[in-house]
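# Architecture at a glance
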Amino acid sequence: MEQTTHRAGFVNLIGNPNVGKSTLMNRLVGENLSIITAKAQTTRHRIKGIVNGDDFQIVYSDLPGILTPAYKMQEMMMRFVTESLKDADVVLYLVECGESKYNEEIINKLNALEIPIILVINKIDKATAEQIEAAKQLWQGLLPKADCVEISARDDKNIPVLIEKIKQHLPISPAYFPKDELTDRPVRFFVSEIIREKLLLLYKKEIPYSVEVVVDSFKEEDDMIRIGTILYVERDTQKAIIIGSKGTAIKRLGIEARTAIEEFLGKHVYLDMSVKVLKDWRNNDLLMKRFGYSEAD
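Another point: the overall build of the protein. Secondary structure assignment for the protein yields 9 helices and 9 strands. Taken over C-alpha atoms, the radius of gyration comes to 20 Å for the protein, in line with the 19 Å a tight globule of 297 residues would show. When its C-alpha atoms are laid out on the principal axes, the protein stretches across 60 × 50 × 40 Å. The proportion of buried residues among the 297 residues of the protein is 50%. Charge-centre separation for the protein: the mean point of 41 positive side chains lies 7 Å from the mean point of 44 negative side chains.

Take the nonpolar core next. Ranked by size, the top nonpolar core spans 42 residues in total, and within it Ile14, Tyr93 and Leu110 carry the most contacts. When residues of this core are traced back to their parent elements, those giving at least two are helix H2 (72–87), strand S4 (90–96), helix H3 (104–112), strand S5 (117–122), helix H4 (129–142), strand S8 (225–233) and helix H9 (285–290). Here this core gets 7 residues from one element, more than from any other, and that element is H2.

Here we take up the pattern of salt bridges. Evaluated as defined, the whole model comprises 13 salt bridges. Its salt-bridge partner being Asp156, residue Arg27 comes within 3.3 Å of it at the nearest N-O pair. In this pair, Arg27 sits in helix H1 (residues 21–29) while Asp156 sits in the loop between strand S6 (147–150) and helix H5 (159–169), placing the two residues 129 residues apart along the sequence. Assessed through its relative accessible area of 37%, Arg27 is described here as partly exposed. Residue classification places Asp156 among the partly exposed residues on the basis of a relative accessible area of 39%. Between Glu221 and Arg226 there is a salt bridge, with the nearest N and O atoms lying 3.0 Å from each other.

Taking 1.5 Å per residue, 16 residues should reach 22 Å; helix H6 (residues 187–202) reaches 23 Å between its end C-alpha atoms and fits that length. Along H6, 12 of the 16 residues are buried, which leaves the element largely enclosed by surrounding structure. When we look at burial in H6, the residues that qualify are Phe189, Phe190, Val191, Ser192, Glu193, Ile194, Ile195, Arg196, Glu197, Lys198, Leu199 and Leu200. Buried positions along H6 lie against strand S2 (47–53), strand S7 (212–220), S8, helix H7 (236–243), helix H8 (248–265) and strand S9 (269–277).

This model, assessed by the stated rule, comprises 7 aromatic pairs. Taken together, a centroid distance of 6.3 Å and an interplanar angle of 80 degrees make the contact between Tyr102 and Trp139 edge-to-face. With a gap of 37 residues between them, Tyr102 in the loop between S4 and H3 and Trp139 in helix H4 connect regions that are remote in the sequence. Exposure remark for Tyr102: the relative accessible area of 39% places this residue in the partly exposed category.

On to the packing of H6 against H8, then. At a minimum axis distance of 9 Å, the contact between H6 and H8 shows a crossing angle of 140 degrees. Taken together, the axes of H6 and H8 lie oblique to each other. Between H6 and H8 lies a crossing whose hand is right-handed. Mapping the contact onto sequence places Val187, Phe190, Val191, Ile194, Ile195, Lys198, Leu199 and Leu202 in H6 and Arg252, Leu253, Glu256, Ala257, Ala260, Ile261, Phe264 and Leu265 in H8.

A few words on unusual backbone geometry. Positive phi, normally seen in glycine, also occurs at Lys123, with a value near 65 degrees. Following the sequence through the fold, Lys123 ends up in the loop between S5 and H4. On the basis of relative accessibility, which here comes to 23%, the residue Lys123 falls in the partly exposed class. Even without a glycine there, the phi angle at Lys246 is positive, about 55 degrees.

Here we come to the sheet that holds S8. One open sheet accounts for 3 strands, arranged S7-S8-S9; its pairing is mixed. In this open sheet, the two strands that pair with only one neighbour each are S7 and S9. On average, each strand axis in the sheet is tilted by 15 degrees relative to the strand beside it, whichever way the strands run. Both S8 and S9 contribute to a ladder of 9 bridges, which runs parallel. Across the sheet, the residue bridging to Arg226 is Tyr270, located in S9. Docked against the sheet, H6 engages S7, S8 and S9, running at close to 130 degrees with respect to S7. Contacts between H7 and the sheet are confined to S8 and S9, with S9 contributing the most and set at about 155 degrees to the helix.

The rules behind these values
- Residues numbered from 1 in each chain as written.
- Predicted model: local features only at pLDDT ≥ 70, side-chain atom pairs only at ≥ 80, totals over all residues.
- Heavy atoms only, no water.
- Helix = DSSP H or I, 4+ residues; strand = E, 2+ residues; numbered from the N terminus.
- Rg over C-alpha atoms; globule rule 2.2 N^0.38 Å.
- Buried < 20%, exposed > 50% of the residue type's maximum accessible area, 1.4 Å probe, protein only.
- Lys, Arg positive; Asp, Glu negative; His and termini not counted.
- Charge placed at Lys NZ, Arg CZ, Asp CG, Glu CD.
- Core = buried A, V, L, I, M, F, W, Y, C linked by side-chain atoms within 4.5 Å.
- Salt bridge = Lys/Arg side-chain N within 4 Å of Asp/Glu carboxyl O.
- Expected span 1.5 Å × (residues − 1).
- Contact = heavy atoms within 4.5 Å.
- Phe/Tyr/Trp six-rings, centres within 6.5 Å; stacked < 30°, edge-to-face > 60°.
- Axes fitted to C-alpha atoms, helices over the stretch in contact; angles between N-to-C directions.
- Parallel < 35°, antiparallel > 145°, perpendicular 65-115°, else oblique.
- Left-handed = near helix turned anticlockwise from the far one by under 90°.
- Pairing = 2+ DSSP bridges.

Encoded structure:
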């Protein structure tokens with residue numbers, strides 16, 4: 001009987017904010033694991049998505065966008081990015097046509113790696129042939145060892161080509177996770193991410209970035225799931241904005257979040273939300289650790 005060679009590896013997605021990493025992650029995994037909004041800094045944590053085939057397993061990681069940290073939470077987010085380069089078997093560096101901003105430290109680290117790097121030029125559906133060629137010349141000049149694939153994550157263009165390229169670069173290895181697993185994150189994590197996505201969509205300016213969503217209770221019953229959540233903010237004024245006049249804002253947030261959570265879980269949900277103030281939590285090491293920002297997973 002002929003034996004097949006099994007390949008498995010960790011494929012980490014990095015890039016600047018708003019280049020479509022989360023959209024690409026969800027396309028590659030085939031499920032909506034990463035929240036998607038038009039706002040920068042949507043991804044805070046490292047989110048793994050697992051794809052299995054008969055002879056391969058790909059463990060994708062969506063990471064926070066590369067930025068210059070303004071407070072400790074962002075410093076820890078950037079630590080996730082730099083630490084991720086140490087355990088990756090393949091790195092997808094995602095850019096978009098017309099983008100020229102880059103972090104020199106990250107580029108230098110990528111060029112020093114001895115693992116495959118795939119330069120992914122996204123959003124080609126919005127670009128001309130000349131713009132695509134200019135992007136290739138710019139980024140391949142910065143990352144000369146990288147393979148290059150041009151895609152549109154939104155339209156699924158060339159996604160199969162990218163997947164095949166990733167498979168070719170996977171090392172020979174047994175699977176790292178059971179074949180029926182989709183992610184290493186618990187259900188509570190995705191519930192909090194759904195709520196945070198709605199916060200990003202419904203509230204303006206700094207408000208969504210000042211909120212940490214904690215699932216305080218999760219009780220499954222025969223006909224429903226009862227979920228209790230706490231929305232931590234940094235200031236009393238932020239709490240007032242989250243709640244809104246006569247509670248109208250938080251009521252809308254609750255309705256939209258509950259609908260999305262029910263779709264995700266496939267069951268009726270009772271969702272309770274409370275808002276509490278934790279002064280300057282994004283600069284507090286102890287609170288950062290409590291909220292899961294102290295380790296790169």
